[in-house]
There are 2 protein chains.
Amino acid sequence: MQERSAFLPAYYRLAEDLRAKIERGEFKPGDMIPSTAQLARQYGVSPMTVRQGLALLAKDGYIKTVQGKGSFITVPPIDTLVLRFVDNSLLGEDRNIKVKLLNLNIVAADSGVAEKLGVEIGAKIIKIKRVLSGDEGPIAVDSRFLPYLKGVPLLEKEIAYAAFPEVVARHTDVFLAKSSLEISACALSPEEAELLEVPAGSPGLLLEQIIYSNNNRAIGWSKMICRGDRLVLRATSHPR
Amino acid sequence: MQERSAFLPAYYRLAEDLRAKIERGEFKPGDMIPSTAQLARQYGVSPMTVRQGLALLAKDGYIKTVQGKGSFITVPPIDTLVLRFVDNSLLGEDRNIKVKLLNLNIVAADSGVAEKLGVEIGAKIIKIKRVLSGDEGPIAVDSRFLPYLKGVPLLEKEIAYAAFPEVVARHTDVFLAKSSLEISACALSPEEAELLEVPAGSPGLLLEQIIYSNNNRAIGWSKMICRGDRLVLRATSHPR
DNA sequence: CAGTGGTCTAGACCACCCT
DNA sequence: GGGTGGTCTAGACCACTGG
């Protein structure tokens, strides 16, 4: 029977109870927890409710359930980190980012761009170059490349000032499926250094973002070079 | 009634069906999808089964369900990226990482370490310094700091060569709850540059990892400085 | 084979939102 | 009040695992 004595749902209380046991060390990684049927009897709830509770623990990385065998304590996935990267408001901080458009034009794809976007060399590409600044001065210089689709109007203001995924979405009108980001360090070229107001050769953070459509074609490429002293990326493990 | 005609579970087929509709553009972001009761009738399944399907879509970021209102199409969370960071095998690549231990000793916490680990200035701290190399040569130099707990033996080999979360786990025997990683660029100091066999001032990637216990106390701090030309971090959005 | 998780039902009642 | 999602039942049957 259902016990509405507490304010929280039964499956939630069950999950909390098991979680506490795990954190107290009553279960060790690799241990099998009692079967769903046992837990159902133990907590006086139906099997479905037990499953709901276990699903919660599994989602948070405390256990792994294996069909036909049981549910097992796992070590927390502490080396899987989540990074939020929004290129305009760099990192969701309430930084006041100013954007300066350097140029926006249509160019022929060179071999580098062609490879990244999976188009022919010489294909028409929209190229956008911008400088992002905070209150302290310039932070990053950023180049974006999008395949040019005829018939799609170029709304200069929007395309230049919106965040990259938004730009891609607006421009191509396809379903965005995923993106990838590569992070590395580089020395700033003289041109980049001048734009960022530091000596040439200063350390910079290089962020390359590629956006893919649901049919796995690259539909946008962004290359962002940041002043090393003004940008820190922060990632945390499974923030629930 | 249950239709076992297909090989896949009903909730899964329902989710796939809705996902296809979303990707085909039949639903647009912000749109409300039919209510669970409607879907139950439509697909000839029970409400619980519909819920299970919707939970799947919600987990993958296609919809968001709101109690009392309905389920709504969301834009895919393309700017939430997942980064796997395992410090020993840098990035899960099958790189063959060699580890050289420079020193391992117990020091008094200076103000920087004390702040990071939340201990008193002067508290005993285990400090480990290492160089990580690949086949091409040195990649990173890395310093780790752990609060010293009396009675816990220092197993030099393990503590020096294991990945950081493992070291923390083995050393402290507490439940690890979460970790954070800060990524930035810096110029290499003369000492770091020498260890990494590059000129002083070369660009480097600075990775600072802090590991927290379940009671939210910092129990490990790792500071890793990488040659910019030999390390690229890769993150992808919801890798399913 | 027995034991495990995985799916599913056909309802019921609750909590919430909006009008 | 009428619609929505959220929780829950008390079973049933299926699929998988391992002895």
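Just above, that's the structure.
On a predicted model such as this, the values are computed, not experimentally measured, just so you know.

(A) Region of the structure containing the overall build of chain A. What chain A contains, in helices and strands, is seven helices and eleven strands. Counting all 240 residues of chain A, 45% fall into the buried class. At a minimum sequence separation of 6, the contacts of chain A that also span at least 24 residues come to 60%. Element-wise, carbon and sulfur atoms account for 53% of the exposed surface of chain A, whose accessible area totals about 12300 Å².

(B) View of the protein's contact with DNA strand D. Neighbouring DNA strand D are 27 residues; A:Ala10, A:Tyr11, A:Ser46, A:Thr49 and B:Arg51 lie closest to it. Within 4 Å of the protein, the contacting atoms of DNA strand D are drawn from sugar and phosphate to the extent of 77%. With respect to DNA strand D, the side chain of A:Tyr11 contributes an N or O atom lying 2.5 Å from a phosphate oxygen. Contact between DNA strand D and A:Lys69: a phosphate oxygen at 3.2 Å from a side-chain N or O atom of the residue. Those elements that provide at least two residues to the surface near DNA strand D are α1 (10–23) and α3 (47–59) of chain A together with α2 (36–43), α3 (47–59), β2 (63–66) and β3 (70–73) of chain B.

(C) A look at the packing of aromatic side chains. All names here are of chain B. Evaluation of the coordinates by the stated rule reveals two aromatic pairs over all chains. Judged by centre distance (5.0 Å) and plane angle (25 degrees), the rings of Phe145 and Trp221 are stacked. Of this pair, Phe145 sits in strand β7 (residues 137–147) while Trp221 sits in strand β10 (residues 218–227), and the two are 76 residues apart along the sequence. Here Phe145 matches Trp221 in class, with each residue buried.

(D) Quick peek at the interface of chain A and chain B. Across the contact, 42 residues belong to chain A and 42 residues belong to chain B. For the chain A and chain B pair, buried surface summed over both sides reaches about 3800 Å², with 61% attributable to carbon and sulfur atoms. For the interface between chain A and chain B, the tally reads two salt bridges. The shortest N-O distance in the salt bridge between A:Arg234 and B:Glu182 comes to 2.9 Å. Seen at the junction of chain A and chain B, the total is twelve residue pairs in polar contact (both at pLDDT 80 or more). Taken together, the elements giving at least two residues each to the side of chain A that touches chain B come down to α1, β4 (80–84), β8 (176–187), β9 (203–213) and β11 (233–237) of chain A. For the side of chain A that touches chain B, the element with the most residues is β8(A), which contributes twelve residues. Taken together, the residues of the side of chain A that touches chain B sort by class into 26 nonpolar, ten polar and six charged. The pairing of β4(A) with strand β4 (residues 80–84) of chain B spans five bridges and is antiparallel. Residue pairing in the sheet places A:Val82 in a bridge with B:Val82 of β4(B).

(E) Representation of the relation of the copies chain A and chain B. Mapping chain A onto chain B calls for a rotation angle of 180 degrees and an axial translation of 0.0 Å; the resulting RMSD is 0.2 Å. This pairing of chains is accounted for by a two-fold axis. Looking at chain A, 100% of its interface residues are interface residues in chain B too, so the copies touch through the same face.

(F) Quick look at the side chain of B:Ser202. Inspection of the secondary structure assignment puts B:Ser202 in the loop between α7 (190–196) and β9 (203–213). If we skip the residues at most four places from it in the chain, B:Ser202 touches B:Cys186, B:Ala187 and B:Leu188.

(G) Broad picture of the pairing of β3(B). Residues and elements named next belong to chain B. Taken together, the two bridges between strand β1 (residues 32–33) and β3 define a ladder with antiparallel strand orientation. By the bridge assignment for β3, Ile33 is matched with Ser71. In the sheet, β2 pairs with β3 via four bridges, with the strands oriented antiparallel. Following the sheet pairing, Lys64 is matched in β3 by Phe72. Between β2 and β3, which pair antiparallel one after the other, the connecting turn spans three residues, and Gly68 there sits at a positive phi close to 80 degrees.

(H) The pattern of salt bridges, seen in detail. Within this structure, the stated rule accounts for 20 salt bridges over all chains. Measuring nitrogen to oxygen at the nearest pair gives 3.3 Å for the salt bridge that ties A:Asp17 to A:Lys21. Of this pair, A:Asp17 and A:Lys21 both sit in helix α1, four residues apart, which is roughly one turn of the helix. As a salt-bridge pair, B:Asp60 and B:Arg19 come within 3.4 Å of each other at their nearest N and O atoms. You can see B:Asp60 sitting in the loop between α3 and β2 and its partner B:Arg19 sitting in helix α1 (residues 10–23), a full 41 residues away along the chain. Both residues of the pair, B:Asp60 and B:Arg19, count as buried. The network of salt bridges with shared partners includes A:Glu16, A:Arg19 and A:Asp60.

Conventions used here
Residues numbered from 1 in each chain as written. Chains lettered and ligands numbered in written order. Predicted model: local features only at pLDDT ≥ 70, side-chain atom pairs only at ≥ 80, totals over all residues. Heavy atoms only, no water. Helix = DSSP H or I, 4+ residues; strand = E, 2+ residues; numbered from the N terminus. Buried < 20%, exposed > 50% of the residue type's maximum accessible area, 1.4 Å probe, protein only. Contact = heavy atoms within 4.5 Å. Areas by Shrake-Rupley, 256 points an atom, 1.4 Å probe, with all protein chains shown as cover. Near = heavy atom within 4 Å. Polar contact = N/O pair within 3.5 Å; in protein donor to acceptor, adjacent residues only side chain to side chain. Phe/Tyr/Trp six-rings, centres within 6.5 Å; stacked < 30°, edge-to-face > 60°. Buried area = accessible area lost by both parts, 1.4 Å probe. Salt bridge = Lys/Arg side-chain N within 4 Å of Asp/Glu carboxyl O. Nonpolar A, V, L, I, M, F, W, Y, C, P; charged D, E, K, R; others polar. Pairing = 2+ DSSP bridges. Least-squares fit on C-alpha atoms with pLDDT ≥ 70 in both.

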